[in-house]
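The residues making up each chain are set out below.
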Amino acid sequence: MPNSVPVVATRSVSAPAVVATPSSQAPLSDLNLAARQRMLSQRVVMQTLLAASGDKPQLASACKTFQLFCDSEAQLLATLSHYDEASARQLRTVYEGPQGIGVTIETFMDRMRRTLEAIERGGQVQPLLSDIVGSTDEVLDALNKATSTFDAIAKSKSERLFKELGTIVSDIHTIAREAKIVSFNAQVIAARAGNHGREFAVVANVLSGISTEIDGLTKKALHLADRKQHA
């Protein structure tokens, strides 16, 4: 068969092979990648069942889907080192250890690899198929747990960013308010100076206009940041 069954990608892989993303498409986020794994797991099971019944084109499709699943899983595992310490620890808790979902996912991948190889050789596949079908709920639960974890991390990161943005915009708002006070005082001084203060008054008026514009923009930014945080 032209598409050989892929080797299972595990945590020990130092440089996992990742499916190349077309230049016209943006790379999937970790959250979307984790969510896609659920769909891929169900697709490859269905394709494998059809392949076992004698549908040869489905065997090639199953191999491609399985390769994509393996590559995506390797990519997700590789991202653990790219997160901050707290998020990485949260992900490792979910994936690693005897009770971690990593064992469930790797077991599924190993069973799927052996099943596809057996179908390709024309060997006995019924016991392997029974194991795969019987573990479907467990695998889905594991993949759902992964998706939920990446979702929680993404939301937490978004909340931190918007909180920082709100602080920065608030500081700008404070500076703009102080600039308006300075501008007002300058206008008063210019008025007292009469003709000698005309040029000073022009500068003060320009500063007042700029301060007012900045004040309006910061209020909009604060409103948007607050609305996004509570969306």
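Each remark here, short or long, concerns the structure printed above.
Notes on the structure in this doc start here. Because the structure is a prediction, the values reported are computed rather than measured.

Quick look at the overall build of the protein now. Of regular secondary structure, the protein possesses seven helices and zero strands. The secondary structure elements of the protein, listed N-terminal to C-terminal, are α-α-α-α-α-α-α. Considering the protein as a whole, with its 231 residues, one finds that 33% of them fall into the buried category. Long-range contacts, defined as pairs at least 24 residues apart, comprise 76% of the intrachain contacts of the protein with a sequence gap of at least 6. Carbon and sulfur atoms make up 56% of the accessible area of the protein, which amounts to about 13900 Å² in all.

It is worth spelling out helix α4 (residues 101-121) at this point. Over its 21 residues, α4 extends 30 Å from the first C-alpha to the last, a length consistent with the 30 Å expected when each residue adds 1.5 Å. For α4, the complete set of buried residues consists of Ile101, Gly102, Thr104, Ile105, Phe108, Met109, Met112, Arg113, Thr115, Leu116, Ala118 and Ile119. For α4, the secondary structure elements touched by its buried residues are α1 (30-52), α2 (56-78), α3 (85-95), α5 (126-134) and α6 (136-193).

Moving on, we come to the packing of α4 against α6. Axis separation between α4 and α6 bottoms out at 9 Å; the angle between their running directions is 130°. As the angle between them shows, α4 and α6 are arranged oblique. Considering only the axes of α4 and α6, their crossing is left-handed. Facing α4, whose interface residues are Ile101, Thr104, Ile105 and Phe108, α6 presents Glu138, Val139, Ala142, Leu143, Lys145 and Ala146.

A few words on the nonpolar core. The biggest cluster of nonpolar side chains holds 36 residues, and the ones touching the most others in it are Tyr95, Ile105, Phe108 and Met112. Mapped onto this core, the elements with two or more residues apiece are α1, α2, α3, α4, α5 and α6. Residues in contact with Phe108, not counting those within four places in the same chain, are Ser41, Val44, Val45, Phe69, Ile132 and Val139.

In this section: the packing of aromatic side chains. Applying the stated rule across the entire model yields two aromatic pairs. Seen from their ring centres, Phe69 and Phe108 are 5.5 Å apart, and the 70° between their planes marks the pair as edge-to-face. Highlighted residues: Phe69 in helix α2 and Phe108 in helix α4, separated in sequence by 39 residues. On the basis of relative accessible area, Phe69 is assigned to the buried category, the value being 1%. Considering the side-chain rings of Tyr83 and Phe150, the 6.3 Å spacing of their centres and the 50° angle between planes classify their relative orientation as tilted. Of this pair, Tyr83 sits in the loop between α2 and α3 while Phe150 sits in helix α6, placing them 67 residues apart in sequence. A relative accessible area of 24% places Tyr83 in the partly exposed class. Judged by relative accessible area, Phe150 falls into the buried class, the value being 2%.

Attention shifts here to the environment of Gln47. Along the chain, the position of Gln47 falls in helix α1. The class of Gln47 is buried, set by a relative accessible area of 12%. Once you skip the residues sitting within four places of it in the chain, Gln47 turns out to touch Gln58, Ser61, Ala62 and Thr65. Within the structure, Gln47 has its side chain in polar contact with the side chain of Thr65 (distance 2.7 Å).

Procedures and definitions
Residues numbered from 1 in each chain as written. Predicted model: local features only at pLDDT ≥ 70, side-chain atom pairs only at ≥ 80, totals over all residues. Heavy atoms only, no water. Helix = DSSP H or I, 4+ residues; strand = E, 2+ residues; numbered from the N terminus. Buried < 20%, exposed > 50% of the residue type's maximum accessible area, 1.4 Å probe, protein only. Contact = heavy atoms within 4.5 Å. Areas by Shrake-Rupley, 256 points an atom, 1.4 Å probe, with all protein chains shown as cover. Expected span 1.5 Å × (residues − 1). Axes fitted to C-alpha atoms, helices over the stretch in contact; angles between N-to-C directions. Parallel < 35°, antiparallel > 145°, perpendicular 65-115°, else oblique. Left-handed = near helix turned anticlockwise from the far one by under 90°. Core = buried A, V, L, I, M, F, W, Y, C linked by side-chain atoms within 4.5 Å. Phe/Tyr/Trp six-rings, centres within 6.5 Å; stacked < 30°, edge-to-face > 60°. Polar contact = N/O pair within 3.5 Å; in protein donor to acceptor, adjacent residues only side chain to side chain.

Nothing here speaks to function; it is geometry throughout.
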